[in-house]
Amino acid sequence: MAEWVRIRDIGNYEGQTVTLKGWLYLRTDKGRLKFLRVRDGSGVIQAVVFKKNVPPEAWEAADKLTQESSLIVTGTVRADERAPGGYELDVSDLEVVHYAEPDYPIQPKEHGVGFLMQNRHLWIRSPRQATILRIRATVIRAIRDWLDSHDFVNVDTPILTPAAVEGTTTLFETDYFGKPAYLSQSGQLYNEANIFALGKVYCFGPTFRAEKSKTRRHLTEFWMVEPEMAFATLEDVMDVGEQMVSYVVQTVLEKHRRELEEVLERDVSVLEKITPPFPRISYDEAVEILHANGFEDFPWGEDFGAPHETTISSQFEKPVFVYHYPTKAKAFYMEEVPGRPEVCRSVDLLAPEGYGEIIGGGQRIASVELLEQRLREHNLPREAYEWYIDLRRYGSVPHAGFGLGVERTLAWICKLPHVRETIAFPRMLDHIYP
Ligand code: 4AD
Ligand code: MG
């Protein structure tokens, strides 16, 4: 058998005979020719079977091939500019590993979303879904690479927790040996403890929110990376956020330009512009934008909804930071703006093209008194936060951080209609199978 190579690397083997192992995605017959669209997890290639070039058994096998059958093909790599991926394989031999049952549910045609979601375990095999998952892996790796090379220490934070971070309405409660515990909404509070040990840290893991809203941006289980820094302010959050996001986008472009263009039909020129600095506007300025663009009645003090975020971000080609939100609209831990307690040192990063908030963060309260006051105002049980108050008792420093949602970031980069396509097995309000 010739050398087993992956489709992604096929360009290095032009003119050579190689072996591919994968699955049949699509078969087209034309007399003595069969065109097999073969995928192997790294890409898709057209394998051309010409009756006179293969042993009779191989021709017979090819004739019985059903969609999703697993197979091993050997052939010569030929460059073809018109072919997706730029190459084709002229088959010299073919072996079937398993003939898939003939009723594979997902055909290369349009299916309804409900049907596809019920068959997500099979849907992920489609070239589009597999491409998105590959880009997701690159996004996650780029985030880690950037943070690791900028002195952030990765510290894992717990998933089972005794208290809320982002409000009590979206908590998933579970039974912890007879006491209530909650699935983590964010590792932030633990990150805040970790900076006193390590200076700059990040956690990266699944987070959970019992989101009752059915939107194209909400999952109940999503992955968030959360950097946190000691001796840092709101401005540092924006500096780090714009550098990290730009690095992620440029890395995806470098590694997946062809897939973005050919498989996802993404306009990559839009992504090329994503470099620092990003525009920074205050909440007050954002409200003025709304008042001037169809939301004359938007009341100062309210949080933005999806249509508002879309209107604000559509004024810019790059993601835009909106800072100093009303204190009432944000979580309990936000530092206040000196002399203006009605607004806080918070920031959201709104992605272009209507994708909304991809980063939420800010500067944290540094004083015991203000923190205690906020816990009271938010009706949070003090006992559960005693350790968190301790952080303000022993060497308190200005500190800040943020959370970036992987799924929303990926949805924007790939320009997907819905976050359900950004994770292999999405969890949503009415969806937990498969
Ligand atoms: O703005 P959020 O709620 O911020 C926090 O959780 C902070 N404690 C983070 C921090 O400062 N360390 O969430 C941060 C990001 C959002 O901007 C969004 O990208 C994502 O997490 N996110 C969601 N993604 C998908 N589905 C949901 N239900 C999400 N909720 C938040
Ligand atoms: Mg937020």
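Note that the structure is predicted; figures quoted are calculated from it, not measured.

On to the overall build of the protein chain, then. A tally of regular secondary structure across the protein chain gives twelve helices and 19 strands. With the C-alpha coordinates aligned to their principal axes, the bounding extent of the protein chain is approximately 85 × 55 × 40 Å. Within the protein chain, buried positions represent 38% of all 434 residues. For the protein chain, contacts bridging at least 24 residues in sequence account for 66% of all contacts bridging at least 6.

Its domain assignment divides the protein chain into domain 1 (3–98) and domain 2 (122–422). On a C-alpha basis, the centres of domain 1 and domain 2 stand 44 Å from each other.

So, about the UniProt feature "domain: Aminoacyl-transfer RNA synthetases class-II family profile" (unreviewed entry) in the protein chain. Under the feature "domain: Aminoacyl-transfer RNA synthetases class-II family profile" (unreviewed entry), the UniProt entry names residues 133–426. Summarising residues 133–426: 36% helix, 23% strand, and an end-to-end C-alpha distance of 12 Å.

This part covers the site of ligand 1. Every one of the 23 residues lining ligand 1 counts as a neighbour, but S186, Q188, G360, G403 and G405 are closest to it. Looking at which element gives the most residues to the shell around ligand 1, the answer is strand β18 (residues 356–363), with five residues. When the residues that make up the shell around ligand 1 are grouped by side-chain class, the tally is eight nonpolar, eight polar and seven charged.

Below, the discussion takes up the packing of helix α10 (residues 368–377) against helix α11 (residues 382–390). Packing of α10 against α11 brings their axes to within 11 Å, and their N-to-C directions diverge by 160°. Looking at the two axes, α10 sits roughly antiparallel to α11. Note that α10 runs across α11; the crossing there is right-handed. Between α10, through V368, L371, E372 and L375, and α11, the contact on the second element is made entirely by R382, Y385 and I389. Partitioned by chemical class, the residues of the contact of α10 with α11 number five nonpolar, no polar and two charged.

Here helix α8 (residues 283–292) crosses helix α9 (residues 306–313) at 95°, and the two axes come no closer than 9 Å. When the axis of α8 is compared with that of α9, the two are roughly perpendicular. Between α8, through A286, I289 and L290, and α9, the contact on the second element is made entirely by H308, T311 and I312. Among the residues forming the contact of α8 with α9, the class breakdown is four nonpolar, two polar and no charged.

Reading the values: rules and limits
- Residues numbered from 1 in each chain as written.
- Chains lettered and ligands numbered in written order.
- Predicted model: local features only at pLDDT ≥ 70, side-chain atom pairs only at ≥ 80, totals over all residues.
- Helix = DSSP H or I, 4+ residues; strand = E, 2+ residues; numbered from the N terminus.
- Buried ≥ 20, exposed ≤ 12 C-beta atoms within 10 Å, placed from the backbone.
- Contact = placed C-beta atoms within 7 Å.
- Domains from an automatic or database assignment.
- UniProt positions renumbered as here; feature names shortened; annotations may be inferred.
- Near = placed C-beta within 6 Å.
- Nonpolar A, V, L, I, M, F, W, Y, C, P; charged D, E, K, R; others polar.
- Axes fitted to C-alpha atoms, helices over the stretch in contact; angles between N-to-C directions.
- Parallel < 35°, antiparallel > 145°, perpendicular 65-115°, else oblique.
- Left-handed = near helix turned anticlockwise from the far one by under 90°.

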